[in-house]
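Remarks on the overall topology
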Amino acid sequence: MKYFEANFDGLVGPTHNYAGLSVGNVASLSNAKNSSSPKQAAKQGLQKMKALHDLGMVQGVLAPQERPDVYTLRRLGFTGSDSEVISKAAKQAPAVFRAVCSASSMWTANAATISPSADTADGKVHFTPANLTNKFHRSLEPQTTGRILQAMFANPEHFAHHQHLPDNDHFGDEGAANHTRLCADYGKRGVELFVFGRYAFDQNKPAPKRFPARHTLEACEAVARLHGLSDEHVVYMQQNPDVIDQGVFHNDVIAVGNQNVLFYHQQAFVDSQAKLAELKQKFGNQSELFLIEVKDQEVSVQEAIKTYLFNTQVITLSNGEMAIIAPTECQDSPSVSAYLAELTGRGTPIKNVHYYDVKQSMRNGGGPACLRLRIALSEQERQAVNPNVLMNEQLFATLNNWVDKHYRDEISEADLADPQLLQESRTALDELTQLLKLGSVYQFQR
């Protein structure tokens, strides 16, 4: 049976904005409160999805969250009509209001952790939405994310869905941004690499001092249990606290993997030598494992963060060669572009680099890898996916027309309190659920 990896990119929502909410994310903070272009952001994202589809990848679309989140504001004591709730919150608690307007769900690498059927005890694809407890604005996402994933992967013969982990920092779970699967082939059992920032129940272990470690070891272990993974095929690695304090808020800002390639910075992990040895041992001799370490003198941590060198996608093309999908910021950096040009001739599976403009996302703190949730599927499993969310010529045209019809060219911070924007957004999302055949996944529809 044929196996492959599908990418599901987050569709940028109609209220896309720069709120600068993410402490520890340098790009997010540096662009706080600038005006954004929802229309441009959505079209950049769709362009990237179509480009990967044209490269022969199976590419899907993940619907955005509804924002502003009026229901959370009601839970926090704001009353009246929806427009009154928004108006009161914007005046009385502007910081809270900005948080419930967050555009962060576009980064679907944080949506969930997914284990393919080749790895799980029951032979099903398992999904656990991330609870994202470390950031209030992101902790609002998991329930809607779970409903959207269930609407996309509905067939219980092939797909198993779990509730997100308890809403507590001890089980802080940031999803696939801290999870990498290495394998000889997508259909063969792989090694699932879980990366965590801290130990929740042991304060004596190393932890960052300046910025929060959002993901705990205990969350990783819980997801591995839920997914029925074997200990012989799981590796837990701690992210280097020093690089978290430099702005590496997720592992996918400092490392990325695909099949038999792990591409990482030399400062990425704690106890690298022993942990990489464990990874090699568990990977076995099914194929050669390429551990591509980028040295400090080749690319500094700061340059990697600025360009999102590691927040690139490493994909396998139909000819079996791998390519890196990189933001144009990598192309614009002399050290990073030189490194990538040299890498493609080094004799590893990575043979090409494709650059894409995703500046609206980059300015909000996320590169190409943040925008996608990757899922290894068999052909039979792909047939069981909701076909309306899979990219093709028709869906690309339909969604571009939908964006043109519903999205504003520009949004400022003041616009978020406009009741008309809420109405526009709900009209757009209601139509989107019909286009993608998702059913009533949003609270306003239920």
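Our subject is the structure that appears above.
Residues numbered from 1 in each chain as written. Predicted model: local features only at pLDDT ≥ 70, side-chain atom pairs only at ≥ 80, totals over all residues. Heavy atoms only, no water.

1. Re helix α7 (residues 142-152)
- With eight of 11 residues buried, α7 lies mostly within the body of the structure.
- Taken as a whole, α7 has its buried residues at P142, T144, T145, G146, I148, L149, A151 and M152. (Buried < 20%, exposed > 50% of the residue type's maximum accessible area, 1.4 Å probe, protein only. Helix = DSSP H or I, 4+ residues; strand = E, 2+ residues; numbered from the N terminus.)

2. Let's talk about the nonpolar core
- Core analysis: the largest hydrophobic core is formed by 74 residues, its most contacted members being F8, F153 and L432.
- In terms of residue count, the dominant contributor to this core is helix α16 (residues 393-406) (five residues).
- Beyond its immediate stretch of four places on either side in the chain, F153 contacts F8, F127, F159, H161, I375 and V385.
- One finds V299, V314, A326 and C330 within the second-largest nonpolar core, a separate group that totals 20 residues. (Core = buried A, V, L, I, M, F, W, Y, C linked by side-chain atoms within 4.5 Å. Contact = heavy atoms within 4.5 Å.)

3. Points about the packing of aromatic side chains
- One pass over the full model with this rule turns up 12 aromatic pairs.
- A ring pair is formed by F127 and F153, whose centres lie 4.7 Å apart and whose planes are at 35°; its orientation type is tilted. A residue pair is termed long-range when its members are at least 10 positions apart, and F127 in strand β4 (residues 125-129) and F153 in the loop between α7 and β5 (159-161) qualify at 26 residues.
- The exposure class of F127 is buried, given its relative accessible area of 0%.
- Using a relative accessible area of 0% as the deciding quantity, one classes F153 as buried.
- On the basis of an interplanar angle of 35° and a centroid distance of 5.8 Å, the ring pair of F194 and Y236 is categorised as tilted. Here the residue F194 occupies a position in strand β7 (residues 191-196), and Y236 occupies one in strand β8 (residues 234-238), the gap between them amounting to 42 residues. In this pair, the class of F194 matches that of Y236, namely buried.
- Of the aromatic side chains, those joined through ring pairs into one cluster are F8, F127, F153 and F159.
- We note K50 situated over the ring of F396; from NZ or CZ to the ring centre the distance is 5.5 Å.
- Positioned above the aromatic ring of Y199 is the side chain of K205, whose terminal nitrogen or guanidinium carbon lies 5.1 Å from the ring centre. (Phe/Tyr/Trp six-rings, centres within 6.5 Å; stacked < 30°, edge-to-face > 60°. Lys NZ or Arg CZ within 6 Å of the ring centre and 35° of its normal.)

4. Looking at unusual backbone geometry
- Note that the residue after R67, namely P68, is joined by a cis bond; omega there is 0°.
- Along the chain, P68 turns up in the loop between β2 (58-62) and α3 (70-75).
- With phi around 50°, Q259 is a residue other than glycine that occupies positive phi space.
- Mapping Q259 onto the fold places it in the loop between β9 (255-258) and β10 (261-265).

5. A few points about the pattern of salt bridges
- What the rule picks out here adds up to 23 salt bridges.
- One salt bridge connects E278 with K275, and the closest N-O pair in it is separated by 3.1 Å. Of this pair, E278 and K275 both sit in helix α10 (residues 272-283), three residues apart, which is roughly one turn of that helix.
- Overall, the relative accessible area of 23% leaves E278 in the partly exposed class. (Salt bridge = Lys/Arg side-chain N within 4 Å of Asp/Glu carboxyl O.)

The quantities given are spatial measurements derived from coordinates; they are silent on function.
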